[in-house]
Each structure stands twice: as structure tokens, then as C-alpha cells.
Amino acid sequence: MFRVTAGRRVRWRAGAASALAFGCAFLASSLFAQDLFLSGGQVIDVDAREIRIQNLRISDGVIVGTPEALPSGFAGEVVDVTGRWIMPGLVDLHTHSFGNQGPVEGAMEFQGTVMVSNRMLFAGVTAFLDLFGLEDQILFVRNAQRENRTVGADIFVAGPCLTAPEGHCSEYGIPTRLMSTPEEARRNVDELAAKAPDVVKIVYAPEGRLPSIDRATLTAAIEAATSHAIPTVIHVQSWDDVRHAAIAGATAVTHIPDDEVIPDDVIALMLTHGVASIPTLSVQFGVSDLTADPTLLDGPIAQGVTTEVIRAAYRSDDLTPAAERWRLQQIEDGPKVLASVRRLHEAGIQVLVGTDSGNLGTIQGWSVHHEMKKLVEAGLEPWDALAAATTRGAAFLAQNYGVNIGDAANLVILEASPIDDIDNTERIVSVVHRGQIVDRAALGVRPSTTG
Ligand SMILES: [Zn+2]
């Protein structure tokens, strides 16, 4: 079902969700959450670009104080993080939370959304946005998490893809919403809006190999979602697609067209219309990067979130023809893609972290770290890569991340500074989610399930 048959202009469209691990039991969260006091950490304020040695007092999932000393009579958990770095939790704005696939025949790891949410949390990703799943199932999983406050990274979902009959997203055998006219777009968005998806995902790629909705249908879908106050994420393939999405009022476009570096007028349009970019460098570089250097997956994060079957696939010389096509194309187009991301950032357009995990070249959870490395390679400073992956991504989901009083207590504690070296985001000591220290050992891959 996940075989990728992508050619030049469609290769990143693969992925997509599948049936979810619906039967997977939710783990009960602690019923008796206690206050937390993080003592003496080097707190990284990614927006103020400042590192402060500060205590953080946390209550009910929120940072409530930065006292000079432990308050007398404090009854909660005290954790000494002297010498450690504290940053906001990571957010992935483009996932397909079914599991992982590798670039050789048969390298598949089915996880499902609930297990993916656990692996994400292991990797320091405290929230993620699934951009195409089985509509009612994935909305049920999200709602169940919100009602029961179960563990795992916070799940946000688009539900289905809105696409043309036989358009991208329809090729995976999973039902999705198909439309050909503005009237059908409005009807579908209205129906979907009643289920309160976190975003509406629309595929628009008229120059691609697969059928696409036309510009009028795109515009109607965006306007309908906007009328329900739901943000839109548009899958694009060419800069023309971005032009049309921007003019129609899209909230964000995802993927970086790779045939040329972003033209000036597209930058101007994105600025004028306030459109954000979710580049997904992870999927656009993943096969080439990971096959060139499989040791990228030797670290504790990748070890903790996926099995040896997937990691070994990147050490293989026997890639599937599709994976080999992706690899060669990524090498050829990579410089243009990085140059476009640099230009977007320098122009002041919001660049946000999303990985397209689920696709070849990505690993659920780990790829957020890869995405930050790629953003730095594109020319962003670590400060900006961190903000793109934390506070700004969270704001896109209307979440208040940060390290200041009033911010959600979703935090990653590191043993080395990610400002000195972005690779240090992988050196996780512990993760704080909803104000509690996460039991990461319970969430990662267990030895009995590897191989
Ligand atoms: Zn995707």
C-alpha cells in the first residue's frame, strides 16, 4: 500500500496515512499530577535569543514562576538540572502517523498514531500535526486523547486530504475527500468543519502527473475553511501553485518546489498575504542524506524510535527503484531547495518545522532533529531553527510554547547547548510534557520488538 511510484514531480507526495493502530491501548496518564521545580537550568528563550540560568516552577502543565529559590513548603517534585539546557518542546507540523518505511523492499514498520505519539514524545516532540489519515478514525484518536488526557505527544489532525478524483492522496487505498468543483469544495469543507479538524489539508498541483483540483476549487476550499476559522495547509509542487495558494488566502504551504529557486514575486506574494512555509526538508533530503551517512541513525533518538529493520535499510546497497530515483533527484535538486529556504527565511516569511514523516527518508520523531539540521544547513541560525521547531510551530496550532511564565510546560532538557551545535538537540536528558517528567523508557522501542 505504501509503495512509492513517484516520478520527478510527484516523489514527495508519497507517504500518507494508513489504517491507524486503533486497537492500541492508551496509557493512562497520572491522575495525581504534582508540581515540578526545575532547579538551576540554562533556560533557552528561543524568541528573545537569550539563555538565562533560572529556576522554573511548574504547576498544572504551565510555567507559573521563576523564583530565586525553592519556595518553602514546596510539595512537588524537585529536579536539579544544573549544567543542563532547557528548551521548549518540539513540534512537527507535517506527519503521517502510521509508522516508518525504509528504502529497501519490505522495510515497513507499522506503528499507528498512538504508538507514533509515544515515539514522538521519546524524541522530545511534544505535539505533531497529522496531515492525512482515515478521517473518522484519526479524529477519534485525537478526541480520545483530549478527553482522557492520555500520554503521548499531543495529537493534532487534518483528517482527510482534500484532493481531486484520482489526485494525490487518493493513491494509497485510504478513503479521502474528493472534489472537482467549487461547490463540492464548499460542501466537503462544511461537512468536515463540523468535526473540528485542527487544519484543512488541500492538495493543489495542476502541473503534476496526477489529476489536481483547479484554481477555482482551491480558492473555494480555502475560503470555506477560513469562514470556519480553520487554518489551511496546501500541498504544493510548483511556484505557480504557491502563487495561487497565497492569493487565495492559504495559511501555509508545504514542500519546497525544486525546479528553480523561489522567484522574487512569490516571496512578495507570500509576504503580502502572510503565508507560512512548512518546507519538509526531511523528506526532500532524507533518502540521499541517510544513505550517504547511515550513522545519522546511530544516535539514541533514532535508536529509540525505530527498529533495526528500518535503520538497516539505509545501509543497504539494494535500494528499491523508487528510492534510488528519490536519492538521485534529491542530490540534483538539493542546492536549489536549500537556497529557496534561505531566501524565504531572509525575506521574513515564517518557516516552520514539518517533516512529512511516514515517507521514505523520514523517521517519526527523529526527523524533527534532522529538519533542524537541514534548516541550519540552509543558512538559518540555530536560534531560528529552534524557534521554527518549537514556539512558532506551536503557535501555528494555537499552542503557547516557551520558557516564560504562562507558557505551556512542554520542555526538552539537553546535556549540551543546541545553540552551540544544532546536533545537540539529540542529546536529550529528559522531556517534560504537560508539566510532568516523561517516563521515556516506557515510550521508546523495547529490545523485544526490534529487529
Ligand atoms: Zn505529507
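Notes on the structure follow. (Residues numbered from 1 in each chain as written. Predicted model: local features only at pLDDT ≥ 70, side-chain atom pairs only at ≥ 80, totals over all residues. Heavy atoms only, no water.)

### Observations regarding the nonpolar core
And step 1. Ranked by size, the top nonpolar core spans 99 residues in total, and within it Ile202, Ile234, Val253, Met270, Trp366, Met372 and Leu375 carry the most contacts.
And step 2. In contact with Met372, not counting residues within four places along its chain, are Leu90, Ala385, Leu386, Ala389, Ile422 and Thr425.
And step 3. Listed in part, the 18 residues of the second largest apolar core include Ala252, Ile278, Leu352 and Ala394. (Core = buried A, V, L, I, M, F, W, Y, C linked by side-chain atoms within 4.5 Å. Buried < 20%, exposed > 50% of the residue type's maximum accessible area, 1.4 Å probe, protein only. Contact = heavy atoms within 4.5 Å.)

### Let's talk about the packing of aromatic side chains
And step 1. According to the stated counting rule, one finds 1 aromatic pair in the structure shown.
And step 2. The residue whose ring lies beneath Lys374 is Phe285, and the NZ or CZ to ring-centre distance is 4.2 Å.
And step 3. Residue placement shows Arg440 over the ring face of Phe122; its charged tip is 4.2 Å from the ring centre. (Phe/Tyr/Trp six-rings, centres within 6.5 Å; stacked < 30°, edge-to-face > 60°. Lys NZ or Arg CZ within 6 Å of the ring centre and 35° of its normal.)

### Focus: the sheet that holds strand β13 (residues 200-203)
And step 1. Read across the sheet, 6 strands follow the order β12-β11-β13-β14-β15-β16 without closing on themselves; strand pairing throughout is parallel. Where the open sheet ends on each side, the last strands, each with one partner, are β12 (177-178) and β16 (276-278).
And step 2. As paired elements, strand β11 (residues 161-163) and β12 share 2 bridges and run parallel to each other. Across the sheet, the residue bridging to Leu162 is Arg177, located in β12. (Pairing = 2+ DSSP bridges. Helix = DSSP H or I, 4+ residues; strand = E, 2+ residues; numbered from the N terminus.)

### Let's talk about the coordination of the zinc ion
And step 1. In this structure, His94 (NE2), His96 (NE2) and Asp356 (OD) serve as the protein donors to the zinc ion, at separations of 2.0 to 2.2 Å.
And step 2. In primary sequence terms, the donor set of the zinc ion follows H-x1-H-x259-D.
And step 3. Residue His94 is classed as buried on the basis of its relative accessible area of 1%.
And step 4. In this structure His96 comes out as buried when scored by relative accessible area, which is 3%. (Donors = N, O, S within 2.8 Å, 3.2 Å for Na, K, Ca; no water.)

### Considering the sheet that holds strand β9 (residues 125-130)
And step 1. Read from one edge to the other, the open sheet built from 3 strands follows the order β6-β9-β10, with strand pairing classed as parallel. Here the strands that pair on one side only, and so sit at the sheet edges, are β6 (90-95) and β10 (154-157). Averaged over all pairs of adjacent strands, the angle between their axes in this sheet comes to 20°, without regard to strand direction.
And step 2. Bridge count for β9 against β10 is 4 bridges, and the pairing is parallel. Residue Asp130 lies in a different strand from β10, and its bridge partner there is Val157. (Axes fitted to C-alpha atoms, helices over the stretch in contact; angles between N-to-C directions.)

### Details of the layout of surface pockets
And step 1. Estimates place the volume of the second largest pocket at around 290 Å³.
And step 2. Taken together, 14 residues form the lining of the second largest pocket, with Arg149, Asp154, Gln399, Asn410 and Arg434 sitting closest to its centre.
And step 3. Elements with a minimum of two residues in the lining of the second largest pocket: α2 (135-148) and β10.
And step 4. The element that contributes the greatest number of residues to the lining of the second largest pocket is β10, accounting for 3 residues.
And step 5. Partitioning the lining of the second largest pocket into residue classes produces 4 nonpolar, 5 polar and 5 charged. (1 Å grid on protein atoms, 1.4 Å probe; cavity = no way out; pocket = protein on both sides within 12 Å on 5 of 7 lines; lining within 4 Å. Points joined across faces, edges and corners; volume = space filled by probe spheres on them. Nonpolar A, V, L, I, M, F, W, Y, C, P; charged D, E, K, R; others polar.)

### Quick notes on the packing of helix α7 (residues 281-292) against helix α11 (residues 366-378)
And step 1. One way to put it is that α7 packs onto α11 with a least axis distance of 10 Å and a crossing angle of 95°. In terms of orientation, α7 lies roughly perpendicular with respect to α11. On α11, the residues touching Leu281, Ser282, Phe285, Gly286, Asp289 and Leu290 of α7 are Trp366, Ser367, His370, Glu371, Lys374 and Leu375. (Parallel < 35°, antiparallel > 145°, perpendicular 65-115°, else oblique.)

### Structural notes on unusual backbone geometry
And step 1. For Asp356, which is not glycine, the phi dihedral falls at a positive 65°.
And step 2. Inspection of the secondary structure assignment puts Asp356 in the loop between α10 (321-346) and α11.
And step 3. In this structure, Arg434 takes a positive phi of about 50° despite not being glycine.
And step 4. What makes Arg434 buried here is its relative accessible area of 18%.

### Digging into the side chain of Gln364
And step 1. Mapping Gln364 onto the fold places it in the loop between α10 and α11.
And step 2. Judged by its relative accessible area of 0%, Gln364 falls in the buried class.
And step 3. Here the side chain of Gln364 touches Gly99 through a polar contact of 2.7 Å, landing on its backbone oxygen.
And step 4. Polar contacts involving the side chain of Gln364 include one to the side chain of Ser357, which spans 2.7 Å.
And step 5. In contact with Gln364, not counting residues within four places along its chain, are Thr95, His96, Ser97, Phe98, Gly99, Asn100, Gln111, Val116, Met120, Val305, Ser357 and Gly358. (Polar contact = N/O pair within 3.5 Å; in protein donor to acceptor, adjacent residues only side chain to side chain.)

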